Amino acid sequence: MTNREIALLLRKVAGSYIVKDEKKFHFQIRAYQKAADSIENATIELKDLWDEGKLNSIPGIGASLTAHLDELFKTGRVKHFEDIIKSLPKALFILMGISGIGPKTAYKLATILKLSEKNAVSDLEKAISQHRVRIIEGFGEKSEEELLKSIDDYKKGQTKENRMLLPLAIAIAQEVLIYLRQNKAVIRADPLGSLRRMVTTVGDIDIAVATENPKEVIEHFANYPHAKRVLGKGELASSRIILSSGRQVDLLVQSEKSYGALLQHFTGSKFHNIALRELALKKGLSLSEYGIKKDGKLIEYRTEEDFYRAVGLPWIPPEIREDTGEIEAAANENLPNLVTIKDIKGDQQIHSDFPIEPSHDLGNSSMEEILNMAKSLKYEYVGFSEHNPSVSKHTDKQIIDLLKRRNEKVEKLRLNNKDVRIINLLEVDIIANGDLALKNDALKLLDGVIASVHTGFDQSRSDMTNRIINALKNPYVRFLGHPTGRLLNQREGYEADWDAIFSVCKEFDKALEINAYPDRLDLPDFLVRKAVENNVKLIINTDSHDVSQMTLMSYGVAVARRGWATKHDIVNTMGYNDFIKWIHIRKGVI
DNA sequence: GCCGTTTTCGGCCCGACTGTTTTCAGTCG
């Protein structure tokens, strides 16, 4: 069962409680909803945590839910949940998936219209067209119209399940910002929410505007040419639109003198804000997007720094605002000094077009083009790391010859390039039994080796763990490429015992890659945090197959920051002399 | 149902917008 499915199940339980008696079950409902949010946010599969007996490391999962989830993973069902859900019409849970329909509306429609589970949506549509909804108490003509639009979106699959990768979210936000800034009433405009926190995928785009004329800005926003539908348009503070692409954009506005409070509020995360507000309450302060109320009097804040200071905390970097210990760390003046893009001294996974006849994709760009780009990015050094020559198509001797020819090319480039030093690497397949695709007498021709899994993803957890550990123990291997193998929105990562891998990394001084390519972002932030806590070294690379992709480094840095990494955790923040010493370390077992 | 640097019991964030309801409930973030 995936995290999404588990979250959905918990929302069904929460929805059932709301229908049954919202007041009586108020805090259970909140607990279930919080757990569902938390599980959806988690960057690790719950099933993996369950395997390790660490379910309660997810905030919002306590003793009771741990027991229920234990039952779920063991038997595929939870009796307690089924007891709560079974007395309610099944169509209710279908309708809850439609935007604008909550549990109470869904219950009313499902029972009064006697909707079946199978045809819930189409029967509801039919009832609306026959004007049988507007006569229900609490509904009217307008609610029929809104329902139809929401059903339309639902049928097109434009629900929130479809999360965007960061580059797309940034591109959409930039377009909206350019449009917003055309209006003179806009003093400042910033993308906030999960985009500002650089979460690996983004649901809605959130944008804040500072203005002294909210009505005008909201009107301008709602008239955005790419808006297909206006979901909401308030008089004083907010608006929401759906673009023709189906993506939702939310706007919040605030006067300039309160903009600090809005930046804080709208950046989130929700959990961070709730925890911050609970802390503030203990100090007699009530926080909101307008400012801070003390003794009933509102104080406004222009900047986020001032806002946090008023709560008694230093400013907290957006990437770690997830209520996973950052508020406590801030209170103790113990926040990590997070790595920045300027700390990165060289990208170490780049595929050139050198004709090495590889096992996987060759790059598009020449070594010379890569060096030029490295220079413009102000790198001290850069690593060439094509895939190993295909083993099935070459003899051992042919492979050695190919590597020697590549070495000659690298040596020639080294003579002519003094600005950027070259690290001579290769990305080598870890084959199913844990051996590397190339033999050591080939590997010794290189400065170091990246070991990566590219095949046999469906191995068992223990087989995969042993496979990776075996590869890491090869003395020429310096780091593990895209360690979990995940592809965002396409493929789950493979399962492995990360604690075991961490201890091997420490013992033999190996690093784990944070692959910055936006479809990967692998290691995931959750595992970066665990690696950092275990003093395991990391390396951030773009895995570029074209020079243009070398600019994607900032996405990897964001993942590192979300995992609380400082520059001391990242080996490619070292200067060349230290880095080349590190890459030449040869620890392992033959 | 969760959680703890004043607590293992007694608390639990704060607000906007919409539609229909004449005072507010439901949904959303």
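Throughout, residues of each chain are indexed from 1 in the direction in which the sequence is written. Just so you know, chain letters begin at A and ligand numbers begin at 1, following the order they were written in. Local features in this predicted model are restricted to residues whose pLDDT is 70 or higher, and side-chain atom pairs enter the listing and the counts only when it is 80 or higher, whereas totals over whole chains, interfaces and linings include all residues. Each side-chain value is derived from all of the structure's non-hydrogen atoms; neither hydrogens nor water enter the calculation.

Colleague: Hey, could you run me through the packing of helix α1 (residues 3-21) against helix α4 (residues 63-75) in this one?
Modeller: Packed helices, taken two at a time, are described by their axes: the angle between them and the distance between them. Only the contacting stretch of a helix is used when fitting its axis, a line to C-alpha atoms as for every element, and angles between N-to-C directions run 0 to 180 degrees. Under the DSSP-based scheme used, a helix requires at least four consecutive residues in state H or I and a strand at least two consecutive residues in state E, with every element numbered from the N terminus. At a minimum axis distance of 13 Å, the contact between α1 and α4 shows a crossing angle of 125 degrees. Comparing the axis directions of α1 and α4 gives the class oblique. Two packed elements cross with a definite hand, and for α1 against α4 that hand is right-handed. Contacts from Ile6, Leu9 and Leu10 of α1 reach α4 at Leu65, Leu69, Leu72 and Phe73. In what follows, roughly perpendicular refers to angles from 65 to 115 degrees, roughly parallel to angles under 35, roughly antiparallel to angles over 145, and oblique to any angle outside these ranges. Left-handed describes a crossing whose near helix is turned anticlockwise from the far helix by less than a right angle; the clockwise case is right-handed. Residues are treated as being in contact if the distance between any of their heavy atoms lies within 4.5 Å.

Colleague: Is there a simple way to explain helix α7 (residues 103-112) in this structure?
Modeller: Residues separated by three or four positions in an α-helix point in the same direction, a consequence of the helix having 3.6 residues per turn. Burial classes follow relative accessibility: with a 1.4 Å probe on protein chains only, a residue under 20% of its type's maximum area counts as buried, one over 50% as exposed, and anything between as partly exposed. If you check which residues of α7 are buried, you get Pro103, Ala106, Leu109 and Ala110. In a view along the axis of α7, the buried residues occupy a sector of 135 degrees, so they form one face of it. The secondary structure elements touched by the buried residues of α7 are α1, α6 (91-95), α8 (120-129) and α9 (141-155). Immediately beyond the C-terminal end of α7, within one or two residues, lies Lys114, with a positive phi of roughly 50 degrees. Picture the helix axis, draw a direction to every C-beta atom, and the arc is the one those directions span.

Colleague: Looking at this structure, how should I read the pairing of strand β6 (residues 238-243)?
Modeller: In summary, the side chains of a regular strand alternate between the two faces of the sheet. Note: two strands are recorded as paired if DSSP finds a minimum of 2 bridges between them. Where strand β5 (residues 227-233) and β6 come together, 5 bridges link them in antiparallel fashion. When the sheet's bridge partners are listed, Gly232 is paired in β6 with Arg240. If you look at the hairpin formed by β5 and β6, you'll find 4 residues sitting between the two strands. One ladder, built from 5 bridges, connects β6 with strand β7 (residues 248-254); its direction is antiparallel. Bridge pairing in β7 places Arg240 opposite Asp250. Where β6 hands over to β7, the hairpin turn is made up of 4 residues, of which Gly246 adopts a positive phi near 95 degrees.

Colleague: I'm lost on helix α12 (residues 214-222) in this one. Help?
Modeller: Inspection of α12 places Val217, Ile218, His220, Phe221 and Ala222 among the buried residues, and these make up the whole buried set. For α12, the secondary structure elements touched by its buried residues are α10 (166-180), β4 (205-210), β5, β6 and β7.

Colleague: Could you clarify how one ought to interpret the pattern of salt bridges in this entry?
Modeller: Close approach of charged atoms lets side chains of opposite charge pair. A pair is scored as a salt bridge if a Lys or Arg side-chain nitrogen falls within 4 Å of a carboxyl oxygen belonging to Asp or Glu. Inspection of every chain in the model, using the stated rule, returns 39 salt bridges. One salt bridge connects Arg406 with Glu386, and the closest N-O pair in it is separated by 2.4 Å. In this pair, Arg406 is assigned in helix α18 (residues 396-416) and Glu386 in the loop between β11 (381-384) and α18, connecting sequence segments 20 residues apart. In this pair, the class of Arg406 matches that of Glu386, namely buried. Note that Asp447 is salt-bridged to Arg414, the shortest N-O span being 2.9 Å. Taken together, the positions of Asp447 in the loop between α19 (440-443) and β13 (448-452) and Arg414 in helix α18 put the pair 33 residues apart, joining distant regions of the chain. Given the relative accessible area of 25%, Arg414 is considered partly exposed.

Colleague: Before we go on, may I ask you to explain the side chain of Asn572 in this structure?
Modeller: Take Asn572: it is sitting in the loop between α23 (553-562) and α24 (576-583). At 2.9 Å, the side chain of Asn572 forms a polar contact with the backbone oxygen of Gly346. If we ignore the near neighbours within four places in the chain, the residues touching Asn572 are Asp343, Ile344, Lys345, Gly346, Tyr381, Ile539, Ile540, Asn541 and Phe579. We call two N or O atoms a polar contact when they sit within 3.5 Å, provided that within protein one can donate a hydrogen and the other can accept it, with sequence-adjacent residues counted only if both atoms are side-chain atoms.

Colleague: I would appreciate a short explanation of the domain arrangement of chain A in the present structure.
Modeller: Accessible area lost upon the coming together of the parts is a frequently used measure of interface size. By convention here, the domain bounds are inherited from an automatic or database domain assignment. When cut into domains, chain A gives domain 1 (3-155), domain 2 (164-254), domain 3 (258-331) and domain 4 (341-583). Centre-to-centre, using C-alpha coordinates, domain 1 lies 28 Å away from domain 2.

Colleague: Before we go on, may I ask you to explain the nonpolar core in this structure?
Modeller: Inside soluble globular proteins, nonpolar side chains tend to come together where they are buried. Residues Leu251, Ile501, Leu512, Leu538 and Ile540 are the most contacted members of the largest nonpolar core, which totals 100 residues. Per-element tally for this core: the top contributor is α10, with 8 residues. Discounting chain neighbours no more than four positions away, the residues touching Ile501 are Thr465, Ile468, Ile469, Leu472, Ala496 and Leu512. What is meant by a nonpolar core is a set of buried Ala, Val, Leu, Ile, Met, Phe, Trp, Tyr and Cys residues, joined one to another through side-chain atoms within 4.5 Å. Phe73, Leu88, Leu124 and Ile136 belong to the second largest nonpolar core, which has 52 residues in total.

Colleague: Mind showing me how you'd approach the environment of Gly556 here?
Modeller: Within the secondary structure, Gly556 sits in helix α23. Measuring from C-alpha to C-alpha, the distance between Gly556 and Val391 comes to 31 Å, with 165 residues separating the pair along the chain. Contact partners of Gly556, with chain neighbours within four places excluded, come to Ile514, Ala516, Leu521 and Ile540.

Colleague: Where do I start with the environment of Leu445 in this structure?
Modeller: Summarising the element assignment, Leu445 is placed in the loop between α19 and β13. Once the C-alpha coordinates of Leu445 and Ile274 are considered, the two residues, 171 residues apart in sequence, prove to be 55 Å apart. Residues contacting Leu445, with those up to four places away along its chain left out, are Ile400, Leu403, Lys404, Asn407 and Asn424.

Colleague: What is the right way to look at the sheet that holds strand β9 (residues 291-294) in this model?
Modeller: Backbone hydrogen bonds are what pair the strands of a sheet, in a parallel or an antiparallel way. Read across the sheet, 3 strands follow the order β8-β9-β10 without closing on themselves; strand pairing throughout is antiparallel. At either margin of the open sheet sits one strand with a lone partner, and together these are β8 (285-288) and β10 (297-299). Across the sheet, the axes of successive neighbouring strands diverge by a mean angle of 30 degrees, strand direction being ignored. In this structure, β9 lies alongside β10, joined through 3 bridges in antiparallel fashion. Paired with Lys294 across the bridge in β10 is Lys297.

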